[in-house]
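The residues making up each chain are set out below.
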Amino acid sequence: MKLYIEGDINEYYAQTLCMLFFPGAKFSHDEELTEKSDVVRLSLIETDNGVTATAEMRSGGKTAIKERHEEYREGLTKTRTAKIAVGVAVLAAGEEIFNCTPPWGIMTGVRPAKIVAPMVREQMSSAEIRNVLCRDYFLNPKKAALLTEIAKKEAKIIKKTPQNSCSVYISIPFCPSRCTYCSFVSYSTKRLLSLIDDYLVKIQNDIDLMFGKIKDLGLSVATVYIGGGTPTVLSARQLTQLLAKITENLDPATLLEFTCEAGRPDTVTAEKMKVIKSYGVTRVSVNPQTLNDMVLESIGRKHTTEDFFRAYNTARESGIKYINTDLIAGLPEESFSSFSDSVDRILKLRPDNVTFHTFCVKKAAEILKSGSNVYSRTGGETGKSVDYSQIAAGLAGYKPYYIYRQKNTVGNFENVGYALEGAEGLYNIYMMEEVHSVIGAGAGAVTKLVSKDRSVIKRFAMPKYPYEYLGSKDSRSEIFRDRDAAMEEFAREYL
Ligand code: SF4
């Protein structure tokens, strides 16, 4: 699509706003402008008392032009005022052309609870916060209430974060097969899975160096998260090797949570769960995504509903303290009735956590190559599915405790984690709300360094592909040195 900007408007913000109405849009400067092109022209001018934004939107033979004047108000920066003016103009134009209202208004970021956190710190009441969210961000009142509840819950948990702590992320980017909607770099063919043993040798070195640096900097490790990919694609022997290396570096006195993803039910065995439990893992996630076999097949999950129940019971019987599960609303070919049935059956199992995602397709996903139109502005029955999951979880005694959003999500909905009281996943909150540093080992792992007052964040990424990661020289190879140096430099200034 074509996006034209005049005036001081952040281009990324403008693109994200456009994607509310043009999901999956690609913003090309080279694309030729034709009669059929989707076009948005935005302009912003400063006036004596505020700013005036104009949005002209053209799509499918329809054109809408909307203007919004925002006066400067006490407590709102000029940038924020401009964002509101532009956002509201785009919203009004999109609503006229497409006859739909995005549930999250002009709130476009990945971490909506971060916007609310300062309001909670200022001890604003829930009603006041909801009011701001509806007035300045144009949230649907239902979403404003959800976000307020989550931010308040998070604030209580964040308050208890140990001083000078950090979290650790260990990346195992291998999976038994590739889901069609996946955009992660995760190796899944037989040839690539044969790299696992070499990968383990490399990552053990990485783990030692990473923990060594964490100790040097005087940080304690509060949570460890082994993610992927699917870490349980490793054999029991390989898991033993990995977990032994991690635990020899851990101080049980400071560790609050130890998670290992077991996302794909087809990788879960009693032997692996026994190994995982024996090394002190406190939380595993077993994710069906849906309990509809036809949908599972269509998204390339290579496991059945029956496999999920078997894997879930195996995880439960192992005695691992907390079990997480994930469901995705809005999957292709999923109806409201089959999704709500999945929700009911999952809640009946009483997992400690359940995260309800909304289907989101990223550019690298296989499913896009099939030519199927997976993007959806309104999401059809997905809104009803999302509502159902949230109401049913609440009625079953679960409370929402973390939230994130992504671009190109069906219907512009959200992803929300629910937990039984006291069973909240700390890593999810620490990572999502950028509470403290998360140090990553392994291919694709991103180290995110967060200053003590949480105002400065610096990222450092490991090579994305396992081949590249393996290719970096052994022992104190450059990449590990770079991460260590980044940590040292950041610590000198901000920790
Ligand atoms: S299990 Fe997860 S990481 Fe692996 S292919 Fe499927 S979506 Fe991607």
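Conventions adopted
Residues numbered from 1 in each chain as written. Predicted model: local features only at pLDDT ≥ 70, side-chain atom pairs only at ≥ 80, totals over all residues. Heavy atoms only, no water. Near = heavy atom within 4 Å. Nonpolar A, V, L, I, M, F, W, Y, C, P; charged D, E, K, R; others polar. Pairing = 2+ DSSP bridges. Helix = DSSP H or I, 4+ residues; strand = E, 2+ residues; numbered from the N terminus. Right-handed = clockwise from strand over helix to strand, strands pointing away. Buried < 20%, exposed > 50% of the residue type's maximum accessible area, 1.4 Å probe, protein only. Polar contact = N/O pair within 3.5 Å; in protein donor to acceptor, adjacent residues only side chain to side chain. Contact = heavy atoms within 4.5 Å. Axes fitted to C-alpha atoms, helices over the stretch in contact; angles between N-to-C directions. Parallel < 35°, antiparallel > 145°, perpendicular 65-115°, else oblique.

What should I look at first to understand the site of the ligand in this one?
Surveying the vicinity of the ligand reveals the residues Cys175, Ser177, Arg178, Cys179, Tyr181, Cys182, Phe184, Gly229, Thr230, Arg264 and Arg301. Tallied by class, residues from the shell around the ligand come to five nonpolar, three polar and three charged.

For this particular structure, what's the right way to read the pairing of strand 1 (residues 2-6)?
Sheet analysis places strand 1 next to strand 2 (residues 39-46), joined by five bridges and oriented parallel. Bridge pairing in strand 2 places Glu6 opposite Ser43. Taking the sense of rotation as the criterion, the β-α-β connection linking strand 1, helix 1 (residues 11-21) and strand 2 turns out left-handed.

What is the right way to read the side chain of Glu434 from this model?
You can see Glu434 is positioned in the loop between helix 14 (426-432) and strand 13 (438-441). Among the residues examined, Glu434 registers a relative accessible area of 6% and is labelled buried. Here Lys448 takes part through its side chain, which lies 2.8 Å from a polar atom of the side chain of Glu434. When sequence neighbours within four positions are dropped, the list of residues in contact with Glu434 reads Arg111, Lys114, Ile429, Lys448, Val450, Arg454, Ile457 and Arg459.

Where do I start with the side chain of Thr358 in this structure?
Positionally, Thr358 belongs in strand 10 (residues 353-358). Residue classification places Thr358 among the buried positions, given a relative accessible area of 3%. Of the polar contacts made by the side chain of Thr358, one reaches the backbone oxygen of Glu414; its length is 2.7 Å. Non-local contacts of Thr358, meaning those with residues more than four positions away in its chain, are made with Ile328, Ala329, Thr382, Val386, Thr409, Val410, Phe413, Glu414 and Asn415.

Would you take a moment to explain the packing of helix 7 (residues 196-216) against helix 8 (residues 236-248) for this structure?
In a pair of packed helices, the angle between the axes and the distance between the axes together describe the arrangement. Here helix 7 crosses helix 8 at 10°, and the two axes come no closer than 9 Å. Compared by their axis directions, helix 7 and helix 8 come out roughly parallel. On the side of helix 7, the interface is formed by Ile196, Asp197, Leu200, Ile203, Gln204, Ile207, Asp208 and Phe211, while helix 8 contributes Arg237, Gln238, Gln241, Leu242, Lys245, Ile246 and Glu248. Class assignment for the residues of the contact of helix 7 with helix 8 results in seven nonpolar, three polar and five charged.

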